[in-house]
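Take a look at the letters that make up each chain.
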Amino acid sequence: MSVLDDAARVEALAVLSTFRTEFYRCLTARADALFEVTDALLCTDGPVRSLVDLVLAPEHRRGHGGMYDGLNCGRVDVARLRRSMAGLPVPRAADGRIVLAVDVSPWLRSDAQTSPDRLFCHVYGRARSQSQLIPGWPYSFVAALESGRTSWTAILDAVRLGPADDAAAVTADQLREVVQRLIAAGHHAPDDRRILIVCDAGYDIPRLAFLLADLPVDLLGRLRSDRVMALPPPPRLPGTTGRPPKHGPDLALADPDTWPAPQTVTTTETNRYGTATATAWDRVHPRLTRRTCWLDHEGDLPIIDGTLIRLQVDHLPGDRHPKPVWLWTSITAATAADVDRSWQSYLRRFDLEHTFRLLKQTLGWTRPKIRTPDAADRWTWLVIACHTQLRLARGLAEDLRRPWERPTDPDRLTPARVRRGFRHIRPKTTRLSHSFRSSTVKRSSAWHRGGRSCSGCAPRRVV
């Protein structure tokens, strides 16, 4: 059946074609070379091993020299591309709110000793029960999460972290710009539910909540199990003199004797983890001191209250003994529904790991041996544009499965399976890049015959 036979498919095709047109206009230099290498990345079958393999794709009509020239000397209007991606349909959670996930994924460049702006990146899983520090370019990604178990996310932004950058400050600025673009695009109104931002344990969640307090967002993140938080101060007794205390007793996450009676306890039956028990304490905050990022803070140090959540499940996949997970959210006076929604939203954060795996293992994001960080940023945005086009083509792709793969419902296709059928979708969309020969050689109205050239035309090379 043709894609023109279904109204929903026609709408999806129109959105995809509009984005491809806008993406081409964002390429302000070497546009044809960059656009064709993006199409080759979308239509190549199998994982990308090197950039030279993309030249062999039929969608790429230039040589490898033109491809490298586009990556090294081309230009991408990143600001316009960000606005275009923010204007696309954004996935939402089951309750209708927008859930954003932020995380860092490194592009390891340990062998590029002359490449600038590298810094040590934390890498896990490369050694047995150990983490390593390997030089590379870390990128901070922000993506919108969907509801349910899926490998799809909507990447909205990516920023490369430099050696002199404050990771928390850069992340706060990045999230602020993403939220403002979503509001400007009409995805969030003043009466809508607040946007939820989910982070992992590597972020200073209370500080992010303080820096983004003026935005309609709620922060949620995981805490280390050895953290010590402060409880709210006890009620002040009548007749007590002196300055009232700012902090109450300490709450050590690793010491159950310091845990007071919780305000909220919920129990949920799950298919993968058994019984999930969430215990919450309200108005729990960190005890800030004038060190590191708070050294130059003017005035008194703030009290950043939130809700502390301890999540305990019966088992993990593979019958492993689970450890409790500690979460902190900027929501105060959280109800039982807020507590359940918080830890369930945190579990959806792991969908971003599937996106990182697709970018690196299938689309070859970290495969090129690019020397300059500017070229790395350019290639990163090309890969993000590819992922965005795959997301927009979900309703247009067919299940081109391998003989040993199980059939999948068209609505449940993974990004890799959608990429297999993109070569059949591409001819139905806009084709904006120009032929290499037609853009460099002047042709006459009479076509060359027999290898000869007419007056005013360059001789044709026969390869």
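The coordinates are above.
Residues numbered from 1 in each chain as written. Predicted model: local features only at pLDDT ≥ 70, side-chain atom pairs only at ≥ 80, totals over all residues. Heavy atoms only, no water.

Caption draft 1: Focus on the overall build of the protein. A tally of regular secondary structure across the protein gives 13 helices and 14 strands. C-alpha atoms of the protein, sized along the principal axes, occupy 105 × 50 × 50 Å. Among the 463 residues that make up the protein, the fraction classed as buried is 46%. The long-range fraction of contacts in the protein, counting pairs at least 24 apart against all pairs at least 6 apart in sequence, stands at 65%. Total accessible area on the protein stands at roughly 23,700 Å², and carbon and sulfur atoms take up 51% of it. Computing the positive centroid from 67 side-chain charges and the negative centroid from 51, the protein places the two 8 Å apart. (Helix = DSSP H or I, 4+ residues; strand = E, 2+ residues; numbered from the N terminus. Buried < 20%, exposed > 50% of the residue type's maximum accessible area, 1.4 Å probe, protein only. Contact = heavy atoms within 4.5 Å. Areas by Shrake-Rupley, 256 points an atom, 1.4 Å probe, with all protein chains shown as cover. Lys, Arg positive; Asp, Glu negative; His and termini not counted. Charge placed at Lys NZ, Arg CZ, Asp CG, Glu CD.)

Caption draft 2: Up close: the packing of aromatic side chains. Scanning the model with the defined rule gives 13 aromatic pairs in all. Ring geometry for Tyr139 against Trp365: centres 5.5 Å apart, planes inclined by 75°, an arrangement best described as edge-to-face. A residue pair is termed long-range when its members are at least 10 positions apart, and Tyr139 in strand β5 (residues 130–145) and Trp365 in the loop between α9 (351–362) and α10 (373–392) qualify at 226 residues. Here the two residues Tyr139 and Trp365 agree in accessibility, since each one is buried. Summarising the aromatic geometry, the rings of Trp259 and Trp326 are spaced 5.3 Å apart at their centres and angled 70° between planes, so their arrangement reads as edge-to-face. Here Trp326 lies in strand β14 (residues 325–329) and Trp259 lies in the loop between β10 (250–252) and β11 (264–270), a separation of 67 residues in the sequence. One aromatic cluster in this structure is built from Trp107, Trp137, Tyr139, Phe141, Phe356 and Trp365. (Phe/Tyr/Trp six-rings, centres within 6.5 Å; stacked < 30°, edge-to-face > 60°.)

Caption draft 3: Highlighting the side chain of Thr44. By the secondary structure assignment, Thr44 is in the loop between α2 (31–43) and α3 (51–55). Accessibility expressed as a relative area gives 16% for Thr44, which makes it buried. Side-chain polar atoms of Thr44 contact the backbone oxygen of Ala40, separated by 2.4 Å. Excluding its chain neighbours within four sequence positions, the residues that come into contact with Thr44 are Leu54, Ala57, Arg419 and Arg423. (Polar contact = N/O pair within 3.5 Å; in protein donor to acceptor, adjacent residues only side chain to side chain.)

Caption draft 4: The arrangement of the layout of surface pockets in detail. In this structure, the second largest pocket encloses a volume near 290 Å³. What lines the second largest pocket is a set of 14 residues, among which Asp204, Leu288, Thr289, Thr292 and Trp294 lie closest to the centre. Across the lining of the second largest pocket, the residue classes break down as seven nonpolar, two polar and five charged. (1 Å grid on protein atoms, 1.4 Å probe; cavity = no way out; pocket = protein on both sides within 12 Å on 5 of 7 lines; lining within 4 Å. Points joined across faces, edges and corners; volume = space filled by probe spheres on them. Nonpolar A, V, L, I, M, F, W, Y, C, P; charged D, E, K, R; others polar.)

Caption draft 5: Spotlight on α9. Between the first and last C-alpha of α9 there are 16 Å, a value that for 12 residues agrees with the 16 Å anticipated at 1.5 Å per step. Those residues of α9 lying buried are Asp351, Leu352, Thr355, Phe356, Leu358, Leu359 and Thr362. (Expected span 1.5 Å × (residues − 1).)

Caption draft 6: Broad picture of the nonpolar core. Residues Phe141 and Trp379 are the most contacted members of the largest nonpolar core, which totals 78 residues. Per-element accounting of this core gives the leading share, 11 residues, to α10. (Core = buried A, V, L, I, M, F, W, Y, C linked by side-chain atoms within 4.5 Å.)

Caption draft 7: Empty space enclosed by the protein, seen in detail. Throughout the structure, instances matching the rule amount to one cavity of 30 Å³ or more. There is about 40 Å³ of room inside the largest cavity. Forming the boundary of the largest cavity are Arg97, Leu196, Ile331, Asp338, Arg341 and Ser342. A per-element tally of the lining of the largest cavity places helix α8 (residues 336–348) first, with three residues. Each residue belonging to the lining of the largest cavity can be placed in one class, and the counts come to two nonpolar, one polar and three charged.

Caption draft 8: Summary view of unusual backbone geometry. At Arg30, a residue that is not glycine, the phi angle is positive and equals roughly 55°. Residue placement: Arg30 occurs in the loop between β1 (27–29) and α2. What makes Arg30 partly exposed here is its relative accessible area of 39%. Its identity as a non-glycine residue notwithstanding, Asp117 has a phi of 65°, on the positive side.

Caption draft 9: Focus on the environment of Ser151. Looking at where Ser151 falls in the secondary structure, it is placed in the loop between β5 and β6 (153–160). Each C-alpha atom, one on Ser151 and one on Arg357, is 10.0 Å from the other, the two residues being 206 residues apart in sequence. Ignoring sequence-local partners within four residues, the contact set of Ser151 consists of His354, Thr355, Thr414 and Pro415.

Caption draft 10: Region of the structure containing the environment of Val383. Assignment of secondary structure puts Val383 in helix α10. Exposure remark for Val383: the relative accessible area of 1% places this residue in the buried category. Each C-alpha atom, one on Val383 and one on Ile309, is 37 Å from the other, the two residues being 74 residues apart in sequence. Filtering out sequence-adjacent residues up to four positions away, Val383 remains in contact with Leu41, Leu359, Leu363 and Trp365.

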